[in-house]
Amino acid sequence: MEKGAKVLVVDDEKRICHNVKKILSKNNFQVTEAINAADALEKMAKESFSLLISDIVMPDMNGLELLKLVKNEWPLTKAVMMTAYASTDTAVKAIRLGALDYIPKPFTPEELRETVDRAFSDNIVEYKTPPEEKEAINIIDVDIPFDQDEVAKYTGKEYAKNIGPSDMPVIEVKMPEPLEGFCEMGNMVCDIFQKIGTTCKVGNKKGLCPQKKKKRAKKATGPDIKTLVGIDMPFSYQEVVSVTGPEYVDTLHGQGTAFIPYEQLKQNVEKMLARSSKNIDVDIPFDQDEVAKYTGDAYAKSIGPSDMPVIEVKGSESLEGFCEMGNMVCDIFQKLGATCKVGNKKSLCPQKKKKKAKKATGPDVRTLIGVDMPFDYNEVAAVTGLEYINNLQTGETGVRPYEELKKEFSRKTTEKQPEITHELMKEPGHRNILVIDDEVSVNNNIRKILIKKGYHVDQAVTKSEALEKVHSASYHLILLDLRIPGVKGLEMLKAVRDHRPEAKVIIITGYASIETAVETARMGAVDYLNKPFTPNEIRQATDNALRFAA
C-alpha cells in the first residue's frame, strides 16, 4: 500500500465524500473531495492522483462516463467505483472500462480500507479492454441501455444531449428577475426593503416579518355564531329557512342531518304501509288491482315475491299397489293392501335390497392402465404400440427413461447439425457459438433462439464434454453457465480463457452476484446475464459480443 498516496473521491453527496476522507485520512492518505464529475476533472487537470474513488449515479455526467474520460487521459490512475444502485450490469461495465474494483453502498470503514488496499496491491490487475470495445460502452445513463447516437437518430442531437439521469430531457428554465423591494423574509414586496435596500432590523433579529405579524394580529371578522345552524355549519337560520322551510330547520341538528321525532316517523310508516298494503311485493311497486286490469284477477292473485305467477300443480292419483317404502308398484302390496312385514319391521324394501345385491358387471380392473383410466392395456397397445404402453404412467403421461432420452437427444443433434470442423469455421461470415449449460432445457432454448439468427451453435452439458469441445474446436463466442456439476468456482472460465483467449465469453447464471460479476469481468467476460432471460436479451448480448469477435 502506498502510504501518503493522493486519492480523489467524487460523490454528489457531500456527506459520503466527508466520510470517505475521514476513513482514509486515518491511514495517511491525502484525500481530495469533488462533488461532481466536472469538479473532479478540473482538479485532476491541476494535480495528479494515484486513485480515483467515484460514485456512479451522479447528475450531468455519471461515474462510468467520468471513468472512461479519466482512463483515456490519465491511464495510470487507478479507479474504484462505488454505488448505492449496485447491479451486475454496471459492475461488468465498470471493470471493462478500467476500474479495479466495485463497491456497493453502504459499506463499512473496514470494507473501504480493504478495497483501497487491494487497489494499491498487485493482487488485482486492470483488465485491458480493446479501445473499440471501450468505445461501444457509450450510454446516456447507467440504467438506460441506449446509445446517445442511436437516440439522436430518432429524436435529434439537441434532445439526446439534454437527456439526464431521470430519463427525461433536462429543460433549462430561466427564473424571472427579482421584483424591486422583494423581501425574502416576508416573501413579498416590502416598502421598508425598497427604502433601505435590505430586510428590517426586527426581521433579521427575530427571523419573523413584523408586517406579516401585524396582519395576523388583526381581529378576524365573520358572522354572528348565534345566528348559525351549528358551529360546523356556517349557514344562517333565516337563509336556510328561505330555501327549505321552517319544518326542516326545526329538526336540523349540528351534524347537517334533519331529525324527525319518533311519533312523526311512526305516523309516516303507518301511512306508507296503508298505501303499500295492496303492493304485490316490496320490490314491485305495482298495485294488485292495477295489475289485474291488464292481466286478470287470477294472474294478479297468483303473483308471488319472485315476480312470477305461482301455479298450483295437482299431483296425479296414486297408482294401485304403489308402496311408499320401496317407492314403486309392488306385487306384495297389491295382494295385501299394505307394505310387507319385512319392510315394516326393518324400514327397508326387501325387493330393492335384492336388486342391489346383484353382482355388478364390468371389466377386470387388473387389465386396466390405471384406476382413473378405464382402458384395457391390450386395447391401447393395439393402437399406440408396446413402447408407448410400457412408459405410460397413471397420470396419463408417457414417461421415457433418462438413458433413452439421452440417446434420442444425441441422435437428433447428430442428424440436424454437422460436426464442427476447422474447414467449416474458415468459411467467410460464419459465426460459431458454444453453449455450456448442464440444464438441457435452457441449453436447447438458447440454441433454438440463436440458430434462427443464422449462427452455428454447438452444445455441451457436462464438464468433460465442454473441455473436450473447447480443446478440439475454435469458437467466436462461448455462453457459459457458472454452476456445472464437478466445476469449482470459476475453473471452467479459466480453462476457456487459457485455451481460447480469442473467444468472447458471456456468463449466464441463475445465481447472480456482484462479486462474481466483477471477477468474471476481470477474467475477460464481456457480458453477464441473469436467468431467466428473454430471447431478445440473449440475442442482443450475442450480437454485441460478436461485433468485436476475431
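Residues numbered from 1 in each chain as written. Predicted model: local features only at pLDDT ≥ 70, side-chain atom pairs only at ≥ 80, totals over all residues. Heavy atoms only, no water.

### A short note on the overall build of the chain
Per the secondary structure count, the chain includes 28 helices and 20 strands. Counting every position in the chain, which comprises 550 residues, the buried fraction comes to 36%. Intrachain contacts of the chain at a sequence separation of at least 6 include 53% that bridge at least 24 residues. With an accessible surface of roughly 36,400 Å², the chain has 55% of that area assigned to carbon and sulfur atoms. (Helix = DSSP H or I, 4+ residues; strand = E, 2+ residues; numbered from the N terminus. Buried < 20%, exposed > 50% of the residue type's maximum accessible area, 1.4 Å probe, protein only. Contact = heavy atoms within 4.5 Å. Areas by Shrake-Rupley, 256 points an atom, 1.4 Å probe, with all protein chains shown as cover.)

### Considerations on the packing of aromatic side chains
One pass over the structure, following the stated rule, counts one aromatic pair. Aromatic side chains Phe29 and Phe120 sit 5.6 Å apart centroid to centroid with 15° between the ring planes, which places their arrangement in the stacked category. In this pair, Phe29 is assigned in the loop between α1 (14–25) and β2 (30–34) and Phe120 in helix α5 (residues 109–120), connecting sequence segments 91 residues apart. Taken individually, Phe29 and Phe120 each receive the classification buried, so the pair is uniform in this respect. When the ring centre of Tyr511 is taken as origin, the NZ or CZ atom of Arg483, which lies over that ring, is 4.0 Å away. (Phe/Tyr/Trp six-rings, centres within 6.5 Å; stacked < 30°, edge-to-face > 60°. Lys NZ or Arg CZ within 6 Å of the ring centre and 35° of its normal.)

### A look at the confidence of the model for the chain
On average, residues of the chain score 78 in pLDDT, and 72% of them are at 70 or above. Contacts of residues 416–429 to residues separated by more than four positions or lying in other chains number 19 contacts, the stretch itself having pLDDT below 50. (pLDDT = per-residue confidence, 0-100.)

### Structural notes on the pairing of strand β19 (residues 504–509)
Among the six residues of β19, six are classified as buried, and the element is accordingly described as predominantly covered. Side chains of β19 alternate between two faces, with Lys504, Ile506 and Ile508 and Val505, Ile507 and Thr509 buried alike. Taken together, strand β18 (residues 477–481), helix α26 (residues 491–499) and β19 form a β-α-β motif whose crossover is right-handed. On the question of chirality, the crossover connecting β19 to the parallel strand β20 (residues 525–530) by way of helix α27 (residues 514–522) is right-handed. (Right-handed = clockwise from strand over helix to strand, strands pointing away.)

### Comments concerning unusual backbone geometry
Here the residue pair Lys105 and Pro106 is connected by a cis peptide bond, since its omega of -5° sits within 30 degrees of zero. Residue placement: Pro106 occurs in the loop between β5 (101–104) and α5. Here the residue pair Lys531 and Pro532 is connected by a cis peptide bond, since its omega of -5° sits within 30 degrees of zero. Within the secondary structure, Pro532 is located in the loop between β20 and α28 (535–546). With a phi close to 65°, Asp60 is a non-glycine residue in the positive phi region.

### Some points on the side chain of Lys105
Residue placement: Lys105 occurs in the loop between β5 and α5. A distance of 3.4 Å separates the side chain of Lys105 from the side chain of Asp55, its partner in a polar contact. The contact partners of Lys105, leaving out residues within four places of it in the chain, are Asp11, Glu13, Ile16, Asp55, Met82, Thr83 and Ala84. (Polar contact = N/O pair within 3.5 Å; in protein donor to acceptor, adjacent residues only side chain to side chain.)

### Digging into the sheet that holds strand β17 (residues 456–460)
The strand order β17-β16-β18-β19-β20 describes an open sheet built from five strands, whose pairing is parallel. One side of each edge strand has no neighbouring strand; the edge strands of this open sheet are β17 and β20. Mean inter-strand twist for the sheet, computed between neighbouring axes without regard to direction, equals 20°. Where β19 meets β20, five bridges bridge the pair, whose relative direction is parallel. Following the sheet pairing, Thr509 is matched in β20 by Asn530. Sheet strands touched by helix α25 (residues 463–472): β16 (432–436), β17 and β18. Its angle to β17, the strand with the most contacts, is close to 140°. (Pairing = 2+ DSSP bridges. Axes fitted to C-alpha atoms, helices over the stretch in contact; angles between N-to-C directions.)

### What to know about the pattern of salt bridges
Tallied over the entire structure, the rule returns 24 salt bridges. Between Glu33 and Lys21 there is a salt bridge, and its shortest N-O distance comes to 3.9 Å. With Glu33 in strand β2 and Lys21 in helix α1, this pair connects stretches of sequence that are 12 residues apart. Its relative accessible area of 33% is what places Lys21 among the partly exposed residues. Notably, a salt bridge pairs Asp55 with Lys105, separated by 3.4 Å at the nearest N-O pair. Residue Asp55 is found in strand β3 (residues 51–55), and its partner Lys105 is found in the loop between β5 and α5; the two are separated by 50 residues along the sequence. The exposure class assigned to Lys105 is buried, which follows from its relative accessible area of 15%. (Salt bridge = Lys/Arg side-chain N within 4 Å of Asp/Glu carboxyl O.)

### With respect to the nonpolar core
Formed by 48 residues in total, the largest nonpolar core has its most connected members in Leu8, Val10, Tyr102, Ile436, Ile478, Leu480 and Ile507. Setting aside anything within four residues of it in sequence, one finds Leu480 in contact with Ile436, Met492, Leu493, Val505, Ile506, Ile507 and Ile508. Among the nonpolar cores identified, the runner-up in size contains 22 residues, and Val7, Ile23, Val80 and Leu112 belong to it. (Core = buried A, V, L, I, M, F, W, Y, C linked by side-chain atoms within 4.5 Å.)

### Describing the environment of Met325
Tracing the backbone shows Met325 in the loop between β12 (322–323) and β13 (328–329). Residue class for Met325 comes out partly exposed when judged on its relative accessible area of 31%. Sequence spacing of Met325 and Pro350 is 25 residues, and the spatial spacing of their C-alpha atoms is 9.8 Å.

### Details of the pairing of β17
Across the five residues that make up β17, a large majority, five, are buried. In β17, alternate side chains face the same way, and those of His456, Asp458 and Ala460 on one face and Val457 and Gln459 on the other are all buried. Bridge count for β16 against β17 is five bridges, and the pairing is parallel. Looking across to β17, one finds that Ile436 is bridged to Ala460. With helix α24 (residues 440–451) bridging β16 and its parallel neighbour β17, the resulting β-α-β unit is right-handed.

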